[in-house]
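Geometric and topological summary
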Amino acid sequence: MERYNLNHLRELEAEAIFVIREVAAQFEKPTMLFSGGKDSIVMYYLACKAFWPARVPFPLLHIDTGHNFQETLDFRDALMEKTGGRCIVRYVQDSINQGRVTEESGFNASRNILQTVTLLDAIAEFKFDAALGGGRRDEEKARAKERFFSHRDEFGQWDPKNQRPELWNIFNGRKRMGEHFRVFPLSNWTEMDIWQYIYMENVEIPNLYYTHKREVFNRDGVWLAYAPFMKIKPGEKVEFRDVRCRTIGDITCTGLTLSTANTLEDIILEVAATRVTERGGRYDDKRSDSAMEDRKKEGYF
């Protein structure tokens, strides 16, 4: 890897570690949102570096939709055992059982949007005053509006027009009772930065990111993994294909990439050559042009 890339990645690493330490210093009860995807894995890896040789001083929080890839859940549990971390898990199914949310029906039904209520309930339950997330500004236009320290009101809502300036890396974490912050240490990273950092540091990731054979079907130009709880439309065909995940979320909305990339080097070359954005294959973002921003305003990650 070129020296310029190494220096660039080390600068991003130092910035992210600084932000993570600021959270530990400014807030009483922070948590780190963990999905088992590459961004949250890198964020947790940086947190481990930030506090080494001590353990990360705050818990992780995973919102399990009940429709996650089993490989992601297995990886999460193995990572916690390996690092001595603590991961709190809250389930969308419990929110459904309690009548807090109503499960969608139909061919395009997804639990992805239901995570918001479960997340906000968990933040209230544990009285978390900050939640670190792995969002990056390059992912999607709504994320590009976020500050490092992103204020949420007492309802967990985000107002993009009412954000605080962040000059000279001075972060304002002041809040009223009931409010909290979302914090994004990876804000200035790109997808390529994430992959090059994983390669440089040899960060372990789920095998879903490498090419593997899986039952899939094509819906509106997006390849989706087949699962028994998904309804197949007339004309859609379930078939085995060589695919990999570029971004990981709920099975119902995680678009898969037809690929032969079996190594990190292959993945980096593939990402460099593609003309499709990382979230271009996310089926949930196709519901509307403002899908992500609408969910963020309601309290989404």
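Everything here concerns the structure above.
Residues numbered from 1 in each chain as written. Predicted model: local features only at pLDDT ≥ 70, side-chain atom pairs only at ≥ 80, totals over all residues. Heavy atoms only, no water.

1. What to know about the packing of helix α6 (residues 191–201) against helix α7 (residues 264–273)
Relative to each other, α6 and α7 sit at 165°, their axes nearing to 10 Å. For the element pair α6 / α7, the angle class is roughly antiparallel. Like other packed secondary-structure pairs, α6 and α7 cross with a definite hand, here left-handed. Along the contact surface, α6 presents Glu191, Met192, Trp195, Gln196, Ile198 and Tyr199, while α7 presents Leu264, Glu265, Ile267, Ile268, Val271 and Ala272. (Axes fitted to C-alpha atoms, helices over the stretch in contact; angles between N-to-C directions. Helix = DSSP H or I, 4+ residues; strand = E, 2+ residues; numbered from the N terminus. Parallel < 35°, antiparallel > 145°, perpendicular 65-115°, else oblique. Left-handed = near helix turned anticlockwise from the far one by under 90°. Contact = heavy atoms within 4.5 Å.)

2. A word on the pattern of salt bridges
Side chains that differ in charge, positive against negative, can pair when their charged atoms come close. This model, assessed by the stated rule, comprises 18 salt bridges. For the salt bridge of arginine 10 with glutamate 201, the shortest nitrogen-to-oxygen distance reads 3.0 Å. In this pair, arginine 10 is assigned in helix α1 (residues 3–26) and glutamate 201 in helix α6, connecting sequence segments 191 residues apart. Connected through salt bridges with shared partners, the residues Arg10, Glu13, Lys49 and Glu201 form a single ionic network. (Salt bridge = Lys/Arg side-chain N within 4 Å of Asp/Glu carboxyl O.)

3. Quick notes on helix α5 (residues 115–126)
Taking 1.5 Å per residue as the helical rise, α5 with its 12 residues ought to reach 16 Å, and the 17 Å between its terminal C-alpha atoms agrees with that figure. Along α5, the residues that are buried comprise Gln115, Thr116, Thr118, Leu119, Leu120, Ala122, Ile123 and Phe126. Lysine 127 sits one or two residues past α5 and shows a positive phi near 55°. (Expected span 1.5 Å × (residues − 1). Buried < 20%, exposed > 50% of the residue type's maximum accessible area, 1.4 Å probe, protein only.)

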